[in-house]
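Letter by letter, the chains look like this.
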Amino acid sequence: MSRTYFMSIGGKNVKGAGTFDVVNPANGLVIGQAPDASKEQLDEAVKSAREAFPGWAATSLDKRRVILGKIADVIEANIDELKRLLTTEQGKPYAEAEWEVGGSALWFRGTAALDLPETVNEDTEERYSVTRRVPIGVVGAIAPWNFPIILACWKVAPALLAGNTVILKPSPFTPLSTLRMGELLQEVLPPGVLNVVTGGDNLGPWMSAHPDIDKISFTGSTATGRKVMESASANLKRLTLELGGNDPAIVLPDVDVEKVVPELFWAAFRNSGQICVAAKRMYIHEDIYEAVAKGMAGYAKRVSMGDGSQQGVELGPVQNALQFDRVKDLMQSAKDADLQFLVGGDIDEDAAGYFVPVTIVDNPPDDSRVVTEEAFGPVLPLLRFSDLDEVIRRANDSDYGLGASIWTGNPEKAAEMSALLQCGTVWINEIQHVTPFAAFAGHKQSGIGVENGHDGLLEYTNAQTMTIKR
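First, a word on scope: everything that follows refers to the structure included in this document. What you see is a predicted model; the values in this text were computed from it and never measured. (Residues numbered from 1 in each chain as written. Predicted model: local features only at pLDDT ≥ 70, side-chain atom pairs only at ≥ 80, totals over all residues. Heavy atoms only, no water.)

Observations regarding the sheet that holds strand 24 (residues 461–469)
- The three strands are arranged 5-6-24 in an open sheet whose pairing can be described as antiparallel. Both edges of this open sheet fall to strand 5 (119–123) and strand 24, since each of them pairs with a single strand only. The average angle at which neighbouring strand axes cross in this sheet is 20°, direction not considered.
- Sheet topology note: the strand 6 (residues 127–135)/strand 24 ladder contains nine bridges and is antiparallel. By the bridge assignment, Val130 is partnered in strand 24 with Met466. (Pairing = 2+ DSSP bridges. Helix = DSSP H or I, 4+ residues; strand = E, 2+ residues; numbered from the N terminus. Axes fitted to C-alpha atoms, helices over the stretch in contact; angles between N-to-C directions.)

Quick notes on the nonpolar core
- Of all hydrophobic cores here, the largest spans 71 residues; its most connected members are Phe108, Leu160, Val166, Ile167, Leu168 and Leu189.
- Per-element tally for this core: the top contributor is helix 5 (residues 150–161), with seven residues.
- Core analysis: the next-biggest nonpolar cluster, separate from the first, contains 44 residues, Leu264, Phe265, Ala278 and Trp407 among them. (Core = buried A, V, L, I, M, F, W, Y, C linked by side-chain atoms within 4.5 Å. Buried < 20%, exposed > 50% of the residue type's maximum accessible area, 1.4 Å probe, protein only.)

Description of helix 10 (residues 289–300)
- With 12 residues, helix 10 extends 16 Å from end C-alpha to end C-alpha; this agrees with the ideal 16 Å at 1.5 Å per step.
- Listed in full, the buried residues belonging to helix 10 are Tyr289, Val292, Ala293, Met296, Ala297, Tyr299 and Ala300. Down the axis of helix 10, the buried set is contained in an arc of 165°. They therefore lie on one face. For helix 10, the exposed residues set more than 90 degrees away from the buried face come down to Glu290 and Lys294.
- Looking at the packing, one finds that the buried side of helix 10 touches helix 9 (257–269), strand 13 (281–285), strand 14 (340–343), strand 15 (359–362) and strand 16 (379–385). (Expected span 1.5 Å × (residues − 1). Arc of directions from axis to C-beta. Contact = heavy atoms within 4.5 Å.)

Remarks on the packing of helix 3 (residues 79–90) against helix 4 (residues 94–112)
- Relative orientation of the contacting elements helix 3 and helix 4 amounts to 125°, with a least axis distance of 8 Å. Classified by the interaxial angle, the pair formed by helix 3 and helix 4 is oblique. Of the two possible hands of crossing, helix 3 and helix 4 adopt the one that is right-handed. Across the interface between the two elements, Ile79, Leu82, Lys83, Arg84, Leu86 and Thr87 of helix 3 pack against Tyr94, Ala97, Glu98, Glu100, Val101 and Gly102 of helix 4. (Parallel < 35°, antiparallel > 145°, perpendicular 65-115°, else oblique. Left-handed = near helix turned anticlockwise from the far one by under 90°.)

Let's talk about the packing of aromatic side chains
- Going through the model one piece at a time under the given rule, you end up with nine aromatic pairs.
- An angle of 75° between the planes, with centres 6.2 Å apart, marks the rings of Trp99 and Phe147 as edge-to-face. Residue Trp99 is found in helix 4, and its partner Phe147 is found in the loop between strand 7 (138–142) and helix 5; the two are separated by 48 residues along the sequence.
- In this structure Phe147 comes out as buried when scored by relative accessible area, which is 7%.
- Centroid distance Phe265 to Tyr299: 5.0 Å. Interplanar angle 55°. Geometry classified as tilted. (Phe/Tyr/Trp six-rings, centres within 6.5 Å; stacked < 30°, edge-to-face > 60°.)

Section: helix 3
- Taking 1.5 Å per residue as the helical rise, helix 3 with its 12 residues ought to reach 16 Å, and the 16 Å between its terminal C-alpha atoms agrees with that figure.
- Burial in helix 3 covers these residues: Leu82, Lys83, Leu85, Leu86, Thr87, Glu89 and Gln90.
- For helix 3, the elements touching its buried residues are strand 3 (18–23), strand 4 (30–36), helix 2 (61–77), helix 4 and helix 6 (176–185).
- Phi turns positive, to about 105°, at Gly91, one or two residues after helix 3.

This is the structure in structure tokens:
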């Protein structure tokens, strides 16, 4: 707790108007204080970004690419410090934290390889017309607590490449690693191009309503996304909203059960289920249901859960007390409905930290809360199905549409099925594979706009058409 963490505003370290505690979810202990920004300090950060915008927008695309590469170098050079800080505040094991930090560097490099297109609409004796992409201005990036560094980079990298300046706000549950990253990046970015501010519940609404922020890119719950959209409407901010999901996994009867069980387990429970595109409803064909269910329950009993800083730990805690209580309430609703647990279901209330055991529910009704709600914790319903038309209908019966996965020995058939699923990404015989080069988007109430790939890069631009009369 001896280290002081600073916000980055205008290329300088800035203390907050106050501070707030940051807690290690593995033991409930305070690990540090983060700066709590005042509204005036947010105004200062926005002013800094606004002043830096013309120079950054005028910087050539090739030079911006080079700077994104330098950002990647800085992240990689500090991977050990950042991963340890990330594990301490988020709870995930060191291996997962290292993957996240290293992946963030790769994201900057991958994004730097993207291009901003120009489209020639007309080139005649009478007229020349071209549509090009220009930066929007000041971008407010609001990142979540489940993958605080890499999901921040999903926003910062394309925003910077497109020529925007950025105000980055990490979750108040996991601010420290992002604050430290902001401090480190001051050495490679011009002052004001990237500002990192932290605070409590007021900071996000201040950003989404701020008249001098031109776009908000938000990752979080659908309920909060609605509020962001409402307050951003005051000045018609551009929006990218990556929101909740209740992603179905469909397991067909031709799979190799022994091989697929570990893959299905981690599809659902990686990061203790705290992934927007985790498999959250698992539909298993009746011919193999018993074998898969038995295999999943047995595998769960062999997986180690604990403090992510300890050797051999594979799953960490739920990240914060609010989410811990939500998951407990969902589990209690399953008990109240007399649903059957294949494994888990009971929490040790006397244990330190926010630990929820891997919990698998045996074939609950489709209208039970454990099926209709996104757990965002290590709770998974297994559901029987008998034919493809039935499972497609049930998989689509959700307000969400983020991702889905199909597991089969016949990927060609699965590719045909994928077109019938109402979601932004369908994985076949894998899950959660994302890259800087492929669009990632939510359908229905899972979001608005696109992240990643060329489509995601264009989200940080406006179209501008220029015509010349000859």
